[in-house]
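Examination of the molecular architecture
Here is how the chains run, residue by residue.
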Amino acid sequence: MRVGIGYDIHPLINGKQLMLGGVEIPYSMGLEGHSDGDVLLHAIIDALLGASACGDIGKHFPPENPEYKDIASINLLLRTRDLLTANGWQTGNIDASVVARSPKLQPYIEPMRIKIAGALGITPDRVSVKAKTANELNAAGKGEGIEAFAVATVFQEGKNENI
């Protein structure tokens, strides 16, 4: 089994839909980004790629590539799952935290867990998503953006790695 960590942060902007964990969140602003800006999925993707030593999100989905302009990040997660599978890896579990002053995310946590688990081909009980506010101490805490942290485990069937 291997462990990876991921992180992402994007500023909030007017005129864009807010997507987190593949779920549309009703809010007056969305996240700036080349894709849909879903910081939660971006952090999870980086954690999975890191755990499997396959690089990072920028290597596989570079922002200068027009193919990824405004792409739904859930599609990037699906492609990441396929990349891991092609390299013999399977997702063990995901533990993630989203930091946002607003909107309140608690009503959307379960739909996020279900959406993430479905994309990764695992059960929702292997996906944890938590919401934090940062108590107005950083850009996310002041409502200027949203950030996410994720830890992922991956494993190869039949291998007993202690790395």
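Residues numbered from 1 in each chain as written. Predicted model: local features only at pLDDT ≥ 70, side-chain atom pairs only at ≥ 80, totals over all residues. Heavy atoms only, no water.

1. Here we look at the pattern of salt bridges
Stated precisely, the cut-off is as follows: Salt bridge, as used here: a side-chain nitrogen of Lys or Arg that lies within 4 Å of a carboxyl oxygen of Asp or Glu. Think of it in three bands: with a 1.4 Å probe and only protein chains considered, a residue is buried below 20% of the maximum accessible area for its type, exposed above 50%, and partly exposed in between.
Applying the stated criterion to the full structure yields five salt bridges. With a closest N to O distance of 3.1 Å, D82 and R81 form a salt bridge. What makes R81 partly exposed here is its relative accessible area of 26%.

2. Quick look at the environment of D56
The condition that has to hold: Helix and strand assignments come from DSSP, with helices taken as H or I runs of at least 4 residues and strands as E runs of at least 2, each series counted from the N terminus. Every residue pair with non-hydrogen atoms within 4.5 Å of one another is taken to be in contact. Polar contacts, as used here, are pairs of N or O atoms within 3.5 Å; protein pairs need one atom able to donate a hydrogen and one able to accept it. Residues neighboring in sequence count only if both atoms are side-chain atoms.
Looking at the secondary structure, you find D56 in the loop between α1 (39–51) and α2 (57–60). For the pair formed by D56 and I45, sequence separation is 11 residues and the distance between their alpha carbons is 7.8 Å. Once residues within four sequence positions are removed from consideration, D56 is found in contact with D46 and L49. At 2.9 Å, the side chain of D56 and the backbone nitrogen of K59 are in polar contact.

3. Quick notes on the packing of helix α3 (residues 73–86) against helix α4 (residues 109–120)
Where we set the bar: Only C-alpha atoms enter the line fits that serve as axes; for helices the fit covers just the stretch in contact. Angles between N-to-C directions range over 0 to 180 degrees.
Where α3 contacts α4, the two axes come as close as 8 Å, and the packing angle between them is 35°. For the pair formed by α3 and α4, the contact residues are I74, L77, L78 and R81 on the first element and K115, I116, G118, A119 and L120 on the second.

4. What to know about α1
For clarity, the threshold we go by: To estimate the expected span of a helix, subtract one from its residue number and multiply by 1.5 Å.
With 13 residues, α1 extends 18 Å between its outermost C-alpha atoms, agreeing within 8% with the 18 Å of an ideal straight helix rising 1.5 Å per residue. Burial of α1 is extensive: 12 of the 13 residues sit out of reach of the surface. Three or more residues of α1 are buried, namely V39, L40, L41, H42, A43, I44, I45, D46, A47, L48, L49 and A51. Looking one or two residues past α1, A53 carries a phi angle of roughly 55°, positive in sign.

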